Amino acid sequence: MANSLLSRFLLAATATTLACLAVVPPAAGAPGDRADEARPGARPHPLVIGHRGASGYRPEHTLASYELAARMGADYIEPDLVATADGVLVARHENEISSTTDVAERPEFADRETTKTIDGYEVTGWFTEDFTLAELKTLRAKERLPQLRPDNTRFDGRYEVPTFQEVIDLTQRLSRELGRDIGIYPETKHPSYFASLGLPLEPPLVRTLTRNGLNHKNAKVFVQSFEVSNLKALDKALRVPLVQLVWKDGQPYDFTDRGDDRTYADMVTPGGLAEIATYADGVGPEKTMVIGWDDDDSLDAPSDLVPDAHDAGLVVHPYTFRAENAFLPSDHRSSNHPAEHGDVTGELRAYYDVGVDGVFTDHPDLGVAARDD
Ligand code: G3P
Ligand code: CA
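Every value quoted in this text rests on a predicted model; they were computed, and no experiment measured them.

### A few points about the confidence of the model for the protein
Looking at the protein as a whole, its pLDDT mean stands at 93, while 91% of the residues score no less than 70. Residue range residues 1–29 is modelled with pLDDT below 50. Its contacts to residues more than four positions away, or to other chains, number 37 contacts.

Listed below in structure tokens is the structure:
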């Protein structure tokens, strides 16, 4: 697409997003207006967030994965959200779906394979935005990491790709059954990209939360994004707390898109955190930004991120805690075998000791055990 045409498309999509968001009442702003879960130090225990459900035990982003996370004691379950061709929000980690569904084995969709540029990277595969919801529903989920999680492959082919509404329905059913509120922690994936297609994620996100009675400050919901401008827009449309995700390298793609040279590293300085606090309630850092790894990959001393973020009034929810040795610092590995489980509860306790307010984990049972046992 020519640059000028692409710019017009982006502007049109942005205008659509803002128009749809404008009908919703403004968010509660001051920290004192926030629910306890979004205020540092207001809760006795850190939150356990089931990352992509209980994705250490079931194929990620399936209702079975979310349900298991809730039954294991997770306080929140985490759907990543992308859009279908007909504008429905579905739970997938990325819009390219060949790593987590059987789409590549479906002859009827062979001609949908294509190459696109997503956030500056060329990606070849099959994309949610090229499928209607009805078409997507014919696919079945599969384990993303079969080498590391071979047990989970026995569930390949069993589960559908869930819609965001189905995830909410599940949390409401499980909340009634388990006698406690199961929270949801949706993430907007590639928001600038989807806006550029005319499929912005934010209007259906706001509509769905509002329709389900979840757009108020005591709703057990956090909304997260690696980009900034969509969180700022959502701050005007949602009353639930927002979390700015940050990565150890690079910058938000919307900054890249508009030539803003600020990096994620800039965003976690005291000044950067104060800026985040103008539109968000928390920060979600990659875990080594909180406790780095030494030269031998063992846990190092904590950074200042947690106290600095708390000083700015932000809760801190680092990601991602996984039991397999492949993801653990060397002093918590059980062997050199990447798939064997090491001491993730010890790793989690180190983070709880630093004062994090929550953790994203693929193994929510272990997140709960490290906190409560
Ligand atoms: O949302 C927290 C964490 O999930 C961010 O990483 O890539 O797993 O969505 P990702
Ligand atoms: Ca996520």
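### Quick notes on the layout of surface pockets
Within this model, the largest pocket holds a volume of roughly 1300 Å³. What lines the largest pocket is a set of 49 residues, and nearest its centre among them are His93, Lys189, Phe226, Trp247 and Tyr319. Taken together, the elements giving at least two residues each to the lining of the largest pocket come down to strand E6 (121–125), strand E8 (187–188), strand E9 (223–225) and helix H8 (253–258). Along the lines of polarity and charge, the residues of the lining of the largest pocket split into 17 nonpolar, 13 polar and 19 charged.

### Here we look at the packing of helix H12 (residues 344–354) against helix H13 (residues 364–372)
Between H12 and H13, the shortest axis-to-axis distance is 9 Å and the interhelical angle comes to 55 degrees. By the angle between their axes, H12 is oblique relative to H13. Judged by the sense of rotation from one axis to the other, the crossing of H12 with H13 is right-handed. Here Val344, Thr345, Leu348, Arg349 and Tyr352 of H12 lie close against H13, whose contacting residues are Leu366, Gly367, Ala369, Ala370 and Arg371.

### Some remarks on the nonpolar core
With 79 residues, the main nonpolar core has Ile184, Leu209 and Val223 as its most contacted residues. At five residues, the largest contribution of residues to this core is made by helix H4 (residues 164–178). When neighbours within four sequence positions are excluded, Leu209 is seen to be in contact with Phe164, Ile184, Leu214, Asn215, Val221, Val223 and Leu238.

### Regarding the sheet that holds strand E11 (residues 282–285)
Taking strand neighbours across the sheet as the criterion, the seven strands line up as E4-E3-E8-E9-E10-E11-E14 in an open arrangement whose pairing is mixed. Strands at the two margins of the open sheet, each flanked by one partner only, are strand E4 (89–91) and strand E14 (315–316). Two strands pair when backbone bridges link them, and E11 and E14 are joined in this way by two bridges, in the parallel orientation. What sits directly across from Gly282, in E14, is Val315.

### Things to note about the site of ligand 1
Residues in contact with ligand 1, as listed here, are His51, Arg52, Glu78, Asp80, His93, Glu187, Lys189, Gln224, Phe226, Leu245, Tyr319 and Phe360. Taking Glu78, its side chain carries an N or O atom lying 2.9 Å from an oxygen atom of ligand 1. Burial of ligand 1 by the protein chains amounts to 91% of its free accessible area of 280 Å². Taken atom by atom, the bulk of ligand 1 overlaps the largest pocket. Taken together, the residues of the shell around ligand 1 break down into four nonpolar, three polar and five charged.

### So, the coordination of the calcium ion (ligand 2)
Within the protein, Glu78 (OE), Asp80 (OD) and Glu187 (OE) serve as the donor atoms for the calcium ion (ligand 2), at 2.1 to 2.3 Å. Taken together, the six donor atoms coordinating the calcium ion (ligand 2) and their angles of 54 to 161 degrees define a geometry best described as irregular. Spacing between the donor residues of the calcium ion (ligand 2) along their common chain follows E-x1-D-x106-E. Residue Glu78 is classed as buried on the basis of its relative accessible area, which comes to 2%. Since its relative accessible area comes to 1%, Asp80 is described here as buried.

### Details of the pattern of salt bridges
Close approach of charged atoms lets side chains of opposite charge pair. Enumeration according to the criterion identifies 29 salt bridges in this entry. We note a salt bridge from Glu60 to Arg144, for which the minimum N-O separation is 2.7 Å. Note that Glu60 is positioned in the loop between strand E1 (47–51) and helix H2 (63–71) and Arg144 in the loop between helix H3 (133–136) and H4, a separation of 84 residues in sequence. When the shortest N-O distance is used, the salt bridge between Glu177 and Arg71 registers 2.9 Å. Here Glu177, found in helix H4, pairs with Arg71, found in helix H2; they are 106 residues apart in sequence, far enough to count as distant. The exposure class assigned to Glu177 is partly exposed, which follows from its relative accessible area of 46%. Arg71 gets classed as partly exposed once you look at its relative accessible area, which sits at 40%. A network of salt bridges, in which partner residues are shared, links Arg52, Glu60, Glu94 and Arg144.

### So, the environment of Tyr264
As for its placement among the helices and strands, Tyr264 is situated in helix H9 (residues 264–267). Here Tyr264 falls in the buried class, since its relative accessible area comes to 5%. Considering only alpha carbons, one finds Tyr264 and Phe226, 38 residues apart in sequence, at a separation of 9.4 Å. A polar contact is formed between the side chain of Tyr264 and the backbone oxygen of Phe226, at a distance of 2.8 Å.

### Digging into the packing of aromatic side chains
Counting across every chain of the model gives 11 aromatic pairs. Ring centres of Tyr185 and Phe222 lie 4.9 Å apart, and the angle between their planes is 20 degrees; on these two criteria the pair is classed as stacked. Residue Tyr185 is found in the loop between strand E7 (183–184) and E8, and its partner Phe222 is found in the loop between helix H6 (202–211) and E9; the two are separated by 37 residues along the sequence. For Tyr185, a relative accessible area of 0% corresponds to the buried category. In this arrangement the basic side chain of Arg112 is found over the ring face of Phe131, its NZ or CZ atom lying 5.0 Å from the centre. Over the ring of Phe327 we find Arg322; its NZ or CZ atom is 4.9 Å from the centre of that ring.

Criteria and thresholds
- Residues numbered from 1 in each chain as written.
- Chains lettered and ligands numbered in written order.
- Predicted model: local features only at pLDDT ≥ 70, side-chain atom pairs only at ≥ 80, totals over all residues.
- Heavy atoms only, no water.
- pLDDT = per-residue confidence, 0-100.
- Contact = heavy atoms within 4.5 Å.
- 1 Å grid on protein atoms, 1.4 Å probe; cavity = no way out; pocket = protein on both sides within 12 Å on 5 of 7 lines; lining within 4 Å.
- Points joined across faces, edges and corners; volume = space filled by probe spheres on them.
- Helix = DSSP H or I, 4+ residues; strand = E, 2+ residues; numbered from the N terminus.
- Nonpolar A, V, L, I, M, F, W, Y, C, P; charged D, E, K, R; others polar.
- Axes fitted to C-alpha atoms, helices over the stretch in contact; angles between N-to-C directions.
- Parallel < 35°, antiparallel > 145°, perpendicular 65-115°, else oblique.
- Left-handed = near helix turned anticlockwise from the far one by under 90°.
- Core = buried A, V, L, I, M, F, W, Y, C linked by side-chain atoms within 4.5 Å.
- Buried < 20%, exposed > 50% of the residue type's maximum accessible area, 1.4 Å probe, protein only.
- Pairing = 2+ DSSP bridges.
- Near = heavy atom within 4 Å.
- Polar contact = N/O pair within 3.5 Å; in protein donor to acceptor, adjacent residues only side chain to side chain.
- Areas by Shrake-Rupley, 256 points an atom, 1.4 Å probe, with all protein chains shown as cover.
- Sits in = over half its atoms within 2 Å of the grid points.
- Donors = N, O, S within 2.8 Å, 3.2 Å for Na, K, Ca; no water.
- Tetrahedral: all angles 85-135°; square planar, octahedral: opposite > 155°, others 65-115°.
- Salt bridge = Lys/Arg side-chain N within 4 Å of Asp/Glu carboxyl O.
- Phe/Tyr/Trp six-rings, centres within 6.5 Å; stacked < 30°, edge-to-face > 60°.
- Lys NZ or Arg CZ within 6 Å of the ring centre and 35° of its normal.

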